[in-house]
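# Topology and contacts: notes
In case you want the letters, here they are:
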Amino acid sequence: MSVITRFAPSPTGYLHVGGARTALFSWLYARKHGGRFILRIEDTDLERSTQESVNAILEGMTWLGLEYDEGPFYQTHRFDRYQQVIQQLLDQGDAYYCYCSREELDALRERQMADKEKPRYDGKCRDVEDNEGGRERVVRFRNPDDGEVVIDDRVKGRIVVANQELDDLIIARSDGSPTYNLTVVVDDMDMGVTHVIRGDDHVNNTPRQINILKALGAQLPVYAHVPMILGPDGARLSKRHGAVSVMQYRDDGYLPEALLNYLVRLGWSHGDQELFSIDDMARLFELDKVNVSASTFNTEKLLWLNHQYIMNSDPAHVARHLSWHMGERGVDPSQGPDLAEVVKAQRERCKTLVDMANDSLYFYRDFDNYDDKAVKKHFKAGVDDVLQQLHHGFEALADWSVEPLHRVVHDTAERLQLNLGKVAQPLRIAVCGSGASPAIDITLFLLGRDKTLARIETAIAYIRSMAV
Ligand code: GLU
């Protein structure tokens, strides 16, 4: 049996990290078993679904690199098929029309609550023949009266639900539109889904879905309900805990692999290994090793992982992502040093690509102001002469590479009997605008001769203008 998994988001918002983790688990499981991964957009709630959300989900999946083998399928394109199945269930006697009005149902509920019973539909219309016609009606699934539903959940273990606990679920609304449990069942069946991996907020739907699948004579999939993700305060992870949208992590300077690595470890482990390449994940991932209990999102750990990925990934790869951030800042990375070289120079210092982009702008465009504090500390009277000497030294260099640049800075400090900081810091402020940059020789090398010399000249003029 070939494995088929699916990710089935409802397009009612951005791609949430919780959804992304479920998608990742489904994707990994299909990869591991040489199966197929389907993307299905559950857009039947016409009021809450938006094209914008669909785009956000597709963008998130693409950015994460979670490629789907089939889809995206849209449930709104499959209404005819759902009608066909609803009719089949009616014809088989596994579904029936229910004519109960809202008032009747409310009264039933109140009566049950007063009697301390669990509110549930009592099956009143099960055997009603409509003699009047034209009345408003919904379609209900005729749930079996006895027996039980057994789910051998790959994460939660065995779950047994007595059929008496389940009532007759509405599968078509009065306007004929199918409800969530029906569409999911039809799709999982038609698409041959073998493993349903989803959030455990759906675990209560599963026995109902199994009963409908059985009525349709479908093969039952394996279920794996993944526990939710909590914020540090123990409440379900939400916006108020910080970023929860996948694309927000892109905007905040995370690499997709770092987020994937973080998400795979959130509620799943393989010994005490922390770093997993995509190939590692696909090879080692096991549903049975997913934690039964909820996991807590830890932003610090994600940041640590991101830094690991920035430091250890191929610089050209990091540069491709950095390039997007540079573009967002109106910088064209072709107008300066090779971005991969900038990555190599900056990666120890920068935990996010946002930091790296902001700290690398000066390689590509002139800055408007010097950092105030740095100026006060280092642009003192006499420093113009230090910079002038450095300028002479650099101007005379035939070979603009790291080693000779290094020597000029050292020789100048020695000649002027200054410690290195007193020379390198003003120089750094002159060429970068602030007191923070990679090693000064590498910074100058990347910046190139023209920008270096021009910026030193500007700084000399600036210091002299302050002195008058
Ligand atoms: N569309 C549902 C959701 O976004 C998921 C349904 C499922 O995975 O079965 O919560």
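Predicted model only: the values in this text are computed from it and were never measured. Think of each chain on its own: its residues are numbered from 1, step by step along the sequence as written. In keeping with the predicted nature of the model, local features appear solely for residues at pLDDT of at least 70, side-chain atom pairs appear and are counted solely at 80 or more, and the whole-chain, interface and lining totals rest on all residues. The basis for every side-chain value is the complete set of heavy atoms in the structure, and neither hydrogens nor water enter the calculation.

## Looking at the site of the ligand
Neighbouring residues are identified by heavy atoms, a residue being near a molecule or strand if any of them is within 4 Å of it. Taken together, the neighbourhood of the ligand is formed by Arg6, Ala8, Pro9, Ser10, Glu42, Tyr180, Val184, Arg198 and His202. Relative to its free-state accessible area of 300 Å², the ligand is covered by the protein chains to the extent of 81%. Note on areas: Shrake-Rupley, 1.4 Å probe, and residue coverage restricted to the protein chains presented here.

## What about helix H3 (residues 79-92)?
Strands here are runs of E lasting at least two residues and helices are runs of H or I lasting at least four, both read from the DSSP assignment and numbered beginning at the N terminus. Expected helix span is computed as 1.5 Å times (number of residues minus one). An ideal rise of 1.5 Å per residue puts 20 Å on 14 residues; H3 measures up with 20 Å between its terminal C-alpha atoms. By definition, residues are in contact when any of their heavy atoms lie within 4.5 Å. Looking at the buried positions of H3, the neighbouring elements they touch are strand E4 (95-98), strand E5 (138-141), strand E8 (170-172), helix H5 (180-190) and helix H6 (206-215). A positive phi of about 85° marks Gly93, the residue just after H3.

## Looking at the environment of Lys32
If you trace the backbone, Lys32 turns up in helix H1 (residues 17-32). Expressed as a C-alpha distance, the spacing of Lys32 and Leu230, which sit 198 residues apart in the sequence, is 27 Å. Residues contacting Lys32, with those up to four places away along its chain left out, are Ala282, Arg283, Leu284, Phe285 and Glu286.

## Structural notes on the environment of Asp359
With respect to the secondary-structure elements, Asp359 resides in the loop between helix H13 (353-358) and helix H14 (372-378). Among all residues touching Asp359, those that are not within four sequence positions of it are Gln346, Arg349 and Cys350.

## A look at the sheet that holds E8
For two strands to count as paired, DSSP must find a minimum of two bridges between them. Spatial strand order, E4-E5-E8: three strands in an open sheet with antiparallel pairing. Among the strands making up the open sheet, the edge pair consists of E4 and E8. The mean angle between the axes of side-by-side strands here comes to 45°, regardless of whether they run parallel or antiparallel. Axis definition: a line fit to C-alpha positions, over the contact stretch in the case of helices; interaxial angles, taken between N-to-C directions, run 0 to 180 degrees.

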